[in-house]
Structure formats: structure tokens, C-alpha cells
Amino acid sequence: MGVWKFVGRRILLGLVTLWVVSVVVFAATQLLPSDPARAILGRDATEASIKALQEKLGLDRPPVEQYTSWLAGLLTGDPGESFNARVPIGEYIGDRVYNSMFLLVLASVFSIPLSLIIGAYTARKRDRAFDNITSNIMLALASLPEFVVGLFLVLLFATRYWKILPAVTAIGAGGPWEHLDQMILPTATLVLGAVPYIARTARASIIEVNESDYVEMARLKGAPEKTVLWRHAVPNALGPVFQVIALNIAYFAGGVIVVEFLFNYPGIGGALAASVRVRDTPVIQFLAMVLAGVYVLTNMLADLATVFVTPRLRTRLK
Amino acid sequence: MTIGQVVPAAPSIVKAAWRMWRTRIGALIVLVLVAFALFGRFLAPFGENESLGLPNKANIEGSWLGTGKLGYDVWTRFLYGGRPILVQAVLSTVLALSLGTLVGLVAAYNRRRLDDFLMRAMDVILALPQIILVLVVIAMFGAKAWLVVLAVGLSTVPRIARVVRGAAVAVVERDFVASAEALGESRPRILVSEILPNVIAPLLVEANLRLTYAVGIIGGIGFLGFTSDPGAANWGLMINEHRGVLAAEQPWGTMLPVTAIALLTIATGLIADGVSRAAAGIDRGTAQA
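Structure report, in brief. Just so you know, these numbers come straight off a predicted model, no measurement behind them.

Some points on the pattern of salt bridges
- Inspection of the entire model under this criterion finds 8 salt bridges over all chains.
- The residue Asp273(B) makes a salt bridge to Arg200(A) at a minimum N-O spacing of 3.7 Å. Within this pair, whereas Asp273(B) is found in helix H11 (residues 252–284), its partner Arg200(A) is found in helix H8 (residues 180–210), the two belonging to separate chains.
- Asp273(B) gets classed as buried once you look at its relative accessible area, which sits at 8%.
- Of the residues examined, Arg200(A) reaches a relative accessible area of 37% and is grouped as partly exposed.

The following block contains the structure:
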């Protein structure tokens, strides 16, 4: 199987996955026991006005037709209107998507290098004191849910001990750039949640590569340690690292929900929790698709990148 | 684990894990917290929904740690609030383990089409972050306790199925499976008595890890404000209700449940780590020492 055939198949699989996810998300939210039109208009609404709104929202059409028009809307950039806010979703969500992306990028900028450094360093000093201490701290951090980590940070830095950082965010018109001090705690929470995973996997894959036959061979033939590291060890350790970076971004796609809620941050995670509370179906459908899309895309890119950077896989596929 | 290696049986894994201090400390903390969560309510000085008057006051006559939302006694609410999280987390993990093991074993043993179909189906479930699946379900039917258990359990199935399949694929190839087939043993029998015992080690590690995450997710769902009975005490919800007064005079409504969830997850994480070290140690043949 050629490399390109693999790439084609992997992309196809990603698309099929997204399509199935869209069916599941649509079917699930469509099973709502309560009638959205009734919910929007309240208890005092007349039957005629409910019927009119049902028609306007397209709720009287058969489910398959509703699904296809919803999917077509998604693909053409018109995901519909929020039941609750009564504005187009793009307008309702636009700033929030940007804010969440900002938070994710900021968290990744810190978490990826930090965890790779910790992973590489602990792999080199394997089973020594530093490795043991960090691995225990990582173990504890990996076990803690995000909201617990976030609350301990709030406890330490924003409320009871050192009151040096804001406990909640209040992002105004200027966007997150103007309020970097408010970004510190949400970012730190996500970083502390993600680093243990990446660092552990990075450490394990570096150790595995270091003990592999080809690195041993390179050492035996007398290559200098620098060449062994950069020519033989690092390229083979990159694949798993890409996988973990993808897992990390995927982790953020779920983690932002609780973290944004905790810090009252105006992003899509907080918006999803709020929409669930008021059963705003179109917004729930859209946000679930966006987050699943991020997840599927990053995993796909990681798989592709892994094939391109890993010498063994590249040659096996040829 | 390569083919032909002696695979450790379940009792030796548990024994080897128990020899490690981290497992013992983890088990001790879990035991204490489980006792609090299940039986604490019998020690509670007040009723679950008994108001002592003023809300969020640190110094209230007769109340050890003061009052929280609606004037409830914080210590009492804490003693009542652990059970829902613990019970739901354990039930969803048990559900996920049984179904995930079944799917993983069937996929590994049957290979080809059924394997492909099952694992692709698992990939699709994995394509959604777990908390989103749970929230979608809550949006549909409300935050009923059994639904949360079902949603968390079912969304955990693919994660367990993958691990079990991965471990079982190598076992399926081995001679004793072929000889059981030659002897005409039934499929379910081969799965349960030939293959299952050989994937116990990774399954035990996974069980503890998944329990840790289930506590986190179910606690988090409560923290977001979704519980089946908004009036009942629940550690996750309790944190949400009291974090607003964290800076003021009454931190206990937040501190107690946050610390309990932190200790619980760290403890189950420690046990998972102990078991996985034991499994790896037996693999290398060092744990017997």
C-alpha cells in the first residue's frame, strides 16, 4: 500500500466518522421529549401561534428532510438560529469560537513544549530521584478532574491565600488579548490537566526508542551520541508525540466545557453547558459538531503526520 | 506482551500490587472516603434539608463548620453528598467494564469483518469527547441519575474495548486457544475461560483508571449544575453552590467536597498505578523479588 493510498483512506475514514457523528448528534437531539416551539412561546401560547412557529422552525417536516437541510446548512455556513436568543448561530457564537480558540492555542503553546521537555528530561534521568518525584506529581495531576485543579488554583491565587489574580474572567469588547491577566488561571488549569498525559507518553516513547535495536546499532557502530539522538532516536519518537499532541487538543475540546464554566469565560464550552440547561437544540447540535470536528480533524492530522515522520512506517507502506 | 510469554494470572497481579505502598495508601484513602460517603449520613448532626437559618455563616450556634446555601449545615451536607457520585461512578464503570470486555473479546476472537465493524463503531463513539455525549443525553432527557450512569458507562465502553482487544489479539493466536477449538469447546466458553483470564492484568489497570475518570466526569456534571435532584446534597453541586463565597468568611462549603473529590481521584489513581506497575513488573519478572 502506497503512502498516498493510506492518506486517502484515512481522510475518507475521518469524513465517514464525521458523517456518522452528525447523524447521531441530530438523532439524539431530535428525540427531545419537549416541543421546542412550545418551550419558546411558554405556557400561555395559543395553538395557532405554536403551529406557526413550528412551521417557521421547520419542526413539522419529516425528520430526514430536517436532517438534510440542517446538514446542508452546516456545510454552507448557515447552521440555523438559536431557539433561545432568536439570532443566527453564527452571530450568537462567533466571538465565543474565537475566545475558545484563543484559550486553546494559549494552553497548547505552554503545555506542548513543557510536557515534551519534562518527558525528555525524565526519560534521560530515568528512575532517579527527579524522575520519581515528577512521575508521582504527574500521577496525582492526571487523576484530578479539571474543575478540582481549577478550584485549587482559585483557592491559592485568587481568593484565600494570595489574592493576586482574578477568580473569574470578565472579557469585554476588547477580547481576550486585552485581559491577559484573566487568562492566566484558565490557561494554567488546562495546562496542568494536559501536561501529565503528554509528558508521560513522551517519556515512554523516548525510552522505547532509546532501547530499540536501531539506536543500539547506531551506538555500537560508534556514532556520536548527538547523531544517535537526532538522526535515529528523535525521528522515531516524533510519531507517538504527534499522537499525544492530538490527544491533548482533543482533551481540551472536552476540558474547555468545565474550565470555561468555572471561570465564567465567554467561550463555546460554557455556551454548550448553558444551552443544555435551556435545551437550545440548534446550538447544542452545532457546538457538539464543532467540538467533534476539532477532535476528528486533529486525530486525522496526527495519524497522517505520524506516517510521514516515522521512518519505519514510511518504508513499510511503500 | 509477546506471544509465548507466561501471562500472569489475576491473583498474582493483585498480590504484587498489594506489596506496593502506593496501592495500600490508595486503598486506605478510598476505604475511608467510601465509609464517609456511604455511612456518614448516620453521623450527620442535622437533616439533609434542615435549615439552620442564615446561609453562608461561619459561626452558627451548634454547627461545627457553619452553614451553606439556604442555611443548611455544611458538615451535614458533606456527609450526605458523597453517595450519589460514588454510586454512579462505580455503576457506570461496572457497566463499561462488562460491555467493553465483551466487545473487545468478540472483536479479537472473530477478526475480519466483525472486528472491523465493531472497532469502527467504537471509533465513532470515541470521536466525541465523553462529557459532550453526556451533556447531549442530559439535554434530551434531563439529568436523571440512571441516565448519567448509562451515558458515562456507554461512552467508556470503546476505551475498554480497545484495551481488551489489543491484549486479546495476541492471546487468540496461541496454542491453547487452538487446542480448545480442536476439542470443540463452545465460543462463549473459549472467550470466558481461555482468553479472558489472560487479559485480566490490563483490564484491572483499565478498571481503576476508568473509575478515576468516572468520578471526575460525574463530579464535573454535578459541578455544572446537572443533578437528578437539585435539592439533594451532592459534592459536585455543593462546590458550585458555594464557590461564590470562597473568598468570604465561609470556605468550607467548597473546601470539603473539593478536597474529598481530589483525595478520591488521587487514591484510585494510585491504585491504578500500583496495579499497572505490578503488571509491568511481572512482565519483566522483577515483581517476584
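Quick look at the interface of chain A and chain B
- Opposite the 48 residues of chain A that make contact, chain B presents 47 residues.
- Summing both sides of the interface, chain A and chain B together bury roughly 3700 Å²; the carbon and sulfur share of this comes to 76%.
- Of all residues in chain A, Phe147(A), Arg160(A) and Phe261(A) give up the largest surface area on contact with chain B, accounting jointly for 15% of the area buried on that side.
- In this assembly, chain A and chain B are joined by 1 salt bridge.
- If you look at where chain A meets chain B, you find 5 residue pairs in polar contact (both at pLDDT 80 or more).
- Elements with a minimum of two residues in the side of chain A that touches chain B: helix H1 (3–30), helix H6 (129–143), helix H7 (146–159), H8, helix H10 (225–263), helix H11 (268–278) and helix H12 (281–309) of chain A.

Describing the packing of aromatic side chains
- Tallied over the full model, the rule gives 11 aromatic pairs over all chains.
- Summarising the aromatic geometry, the rings of Phe261(A) and Phe223(B) are spaced 5.5 Å apart at their centres and angled 90° between planes, so their arrangement reads as edge-to-face. Remark: Phe223(B) occurs in helix H9 (residues 200–223) and Phe261(A) occurs in helix H10; the pair is interchain, linking two chains. A single burial state applies to Phe261(A) and to Phe223(B), both of which are buried.
- Taken together, the aromatic side chains of Phe36(B), Trp75(B), Phe78(B) and Trp235(B) make up a single cluster linked through ring pairs.
- Seen from the ring of Trp21(B), Arg24(B) lies directly overhead, with NZ or CZ sitting 5.0 Å from the centre.

Describing the environment of Arg243(B)
- You can see Arg243(B) is positioned in the loop between helix H10 (235–242) and H11.
- On the accessibility criterion, Arg243(B) (21% relative accessible area) is partly exposed.
- The spatial distance from the C-alpha of Arg243(B) to the C-alpha of Gly104(B) is 42 Å, given a sequence separation of 139 residues.
- Residues within four places of Arg243(B) in sequence aside, it is in contact with Leu151(A), Phe261(A), Leu262(A), Phe223(B) and Thr254(B).

Side note on the packing of helix H5 (residues 89–124) of chain A against H12(A)
Residue and element names in this part refer to chain A.
- Interaxial distance between H5 and H12 falls to 12 Å at its minimum, and their mutual angle equals 35°. You can see that H5 and H12 cross each other, and the crossing is right-handed. Contacts from Ile 89, Tyr 92, Ile 93 and Met 101 of H5 reach H12 at Pro 282, Val 283, Phe 286, Leu 287 and Val 294.
- Looking at the contact of H5 with H12, its residues break down into 9 nonpolar, no polar and no charged.

Focus on the nonpolar core
- Core analysis: the biggest nonpolar cluster contains 104 residues, and Leu272(A), Ile132(B), Leu135(B) and Leu224(B) have the highest contact counts within it.
- Every residue in contact with Leu224(B), bar those within four places of it in the chain, is listed here: Ile257(A), Val258(A), Phe261(A), Ala273(A), Arg277(A), Ile131(B), Leu135(B) and Asn240(B).
- Core analysis: the next-biggest nonpolar cluster, separate from the first, contains 23 residues, Leu105(B), Met122(B), Val172(B) and Val177(B) among them.

Here's the deal with unusual backbone geometry
Residue and element names in this part refer to chain A.
- At Asn 264, a residue that is not glycine, the phi angle is positive and equals roughly 55°.
- Mapping Asn 264 onto the fold places it in the loop between H10 and H11.
- Assessed through its relative accessible area of 54%, Asn 264 is described here as exposed.
- Positive phi, close to 55°, is recorded for Arg 279, a residue that is not glycine.
- Arg 279 sits in the partly exposed class, given a relative accessible area of 28%.

Examining the side chain of Glu146(A)
- Checked against the element boundaries, Glu146(A) lands in helix H7.
- Although Glu146(A) is buried, it makes no salt bridge; Arg159(B) carries the closest opposite charge, 11 Å away.
- With residues near it in sequence (within four places) discarded, Glu146(A) still touches Thr189(A), Tyr251(A), Gly255(A), Val258(A) and Val259(A).

Definitions and limits used
Residues numbered from 1 in each chain as written. Chains lettered and ligands numbered in written order. Predicted model: local features only at pLDDT ≥ 70, side-chain atom pairs only at ≥ 80, totals over all residues. Heavy atoms only, no water. Salt bridge = Lys/Arg side-chain N within 4 Å of Asp/Glu carboxyl O. Helix = DSSP H or I, 4+ residues; strand = E, 2+ residues; numbered from the N terminus. Buried < 20%, exposed > 50% of the residue type's maximum accessible area, 1.4 Å probe, protein only. Contact = heavy atoms within 4.5 Å. Buried area = accessible area lost by both parts, 1.4 Å probe. Polar contact = N/O pair within 3.5 Å; in protein donor to acceptor, adjacent residues only side chain to side chain. Phe/Tyr/Trp six-rings, centres within 6.5 Å; stacked < 30°, edge-to-face > 60°. Lys NZ or Arg CZ within 6 Å of the ring centre and 35° of its normal. Axes fitted to C-alpha atoms, helices over the stretch in contact; angles between N-to-C directions. Left-handed = near helix turned anticlockwise from the far one by under 90°. Nonpolar A, V, L, I, M, F, W, Y, C, P; charged D, E, K, R; others polar. Core = buried A, V, L, I, M, F, W, Y, C linked by side-chain atoms within 4.5 Å. Lys, Arg positive; Asp, Glu negative; His and termini not counted.

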